[in-house]
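Observations on the model geometry
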Amino acid sequence: MTRKRVAILISGRGSNMAALIEAASARNYPAEIALVVSNRAAAKGLELANSRSIATATIDHVAYKSREQFEAELTKQLSAAKIEIICLAGFMRILTASFVKQWEGRLLNIHPSLLPAFKGIDTHVRALDAGVKVHGCSVHFVVPELDSGPIVMQAAVPVLEGDDEEELAMRVLAAEHRIYSEALRLLAEGKLTIEGERVVVAGANGDPDRALVSPRI
Ligand code: GRF
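Read on for an overview of the structure.

The rules behind each value
Residues numbered from 1 in each chain as written. Predicted model: local features only at pLDDT ≥ 70, side-chain atom pairs only at ≥ 80, totals over all residues. Heavy atoms only, no water. Helix = DSSP H or I, 4+ residues; strand = E, 2+ residues; numbered from the N terminus. Buried < 20%, exposed > 50% of the residue type's maximum accessible area, 1.4 Å probe, protein only. Right-handed = clockwise from strand over helix to strand, strands pointing away. 1 Å grid on protein atoms, 1.4 Å probe; cavity = no way out; pocket = protein on both sides within 12 Å on 5 of 7 lines; lining within 4 Å. Points joined across faces, edges and corners; volume = space filled by probe spheres on them. Nonpolar A, V, L, I, M, F, W, Y, C, P; charged D, E, K, R; others polar.

A few points about unusual backbone geometry
With an omega of 10 degrees, the peptide bond running from leucine 115 to proline 116 counts as cis. In this structure, proline 116 sits in the loop between β5 (107–111) and α5 (123–130). In the segment running from serine 214 into proline 215, the intervening peptide bond is cis, with an omega of 5 degrees. Within the secondary structure, proline 215 sits in the segment after β9 (198–201). Backbone geometry places serine 53, a non-glycine residue, at a positive phi of 60 degrees. Positionally, serine 53 belongs in the loop between α2 (44–51) and β3 (56–58). Owing to a relative accessible area of 68%, serine 53 belongs among the exposed residues under this scheme. Residue aspartate 122 is not a glycine yet carries a positive backbone phi of 55 degrees. The residue aspartate 122 is located in the loop between β5 and α5 in this model.

Structure below.
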C-alpha cells in the first residue's frame, strides 16, 4: 500500500491535527502526515507535531505582502514535501480561488456545524441562539466560497438543556476528531467522487433506522 502524503494546515490548538496524526499512526491507514504547516509561530499544534517527529513549517502570513506571495511559499513547501492531499484543521487564513482550484478534490476542511447551517465563525453560540436541538460538524471539500463545497461526512450531536458555548463546542469537537480521520481515509483510498454539489462515497452505508433524537424525555 502506498500511503498518500498529507499536509495539515493549522493556526492554533491543533486538536484535529492531533487526531489525524493519531489515526495515521496505524499501520493500515492509507495516508501519512508528511508535513504540518502553521501560519502562526505560536500555534500550539506545532509543538505536538514536533513531539511526534512530524516535519513542520511556519509561514508567517504577516511577512508576506499579499495572499499570492504567502501561497507561493506554501506551494513551494508542499511540493518539496511531495504533498498529495491537504487537510485544513483550524487554519484561519482564506485561500485564494486560484490556490483552491489547483487543489480541487484534494483539499479538505472541517467545520464545526452541520453545513450548510452556520457557515463562518462562532458557530456554537449561533446554534445556541437559534435554539437548534441538534448541532454537529462537517468535513467538506474546499471551494473558493467560504465553508461551502461538497460535503464528505457529518456527525450530529444533541444540544442539551443548559449547554453553554464551551460544553457544546467540546461535544462537537469530539465528533470532529472522529470523522476527520474517517473522511481522510475515504479520500486517500480513492472512494470519493464529486458529482456537482454532492460527494458519492463508494461502499457507504448507514443505519436508516437510527435517528438522533434530541431532546430525549
Ligand atoms: C475546530 O472546531 C474546527 O472545526 C474549526 O476550528 C477548530 C480548530 O480546532 N475549523 P483545533 O485547532 O483542531 O483544535
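A short note on the pairing of strand β4 (residues 85–88)
Neither face of β4 is exposed, since Ile85 and Cys87 on one face and Ile86 and Leu88 on the opposite face are all buried. Considered for its hand, the β-α-β crossover made up of β4, helix α4 (residues 97–102) and β5 is right-handed.

Things to note about the layout of surface pockets
What the largest pocket holds in volume is close to 1,000 Å³. Forming the boundary of the largest pocket are 37 residues, of which Gly90, Met92, Ile110, His111 and Pro112 lie nearest the centre. For the lining of the largest pocket, the elements supplying multiple residues, two or more each, are α1 (15–24), β5, α5 and α6 (165–188). The element best represented in the lining of the largest pocket is α6, accounting for 5 residues. Among the residues making up the lining of the largest pocket, the classes are represented as 17 nonpolar, 13 polar and 7 charged.

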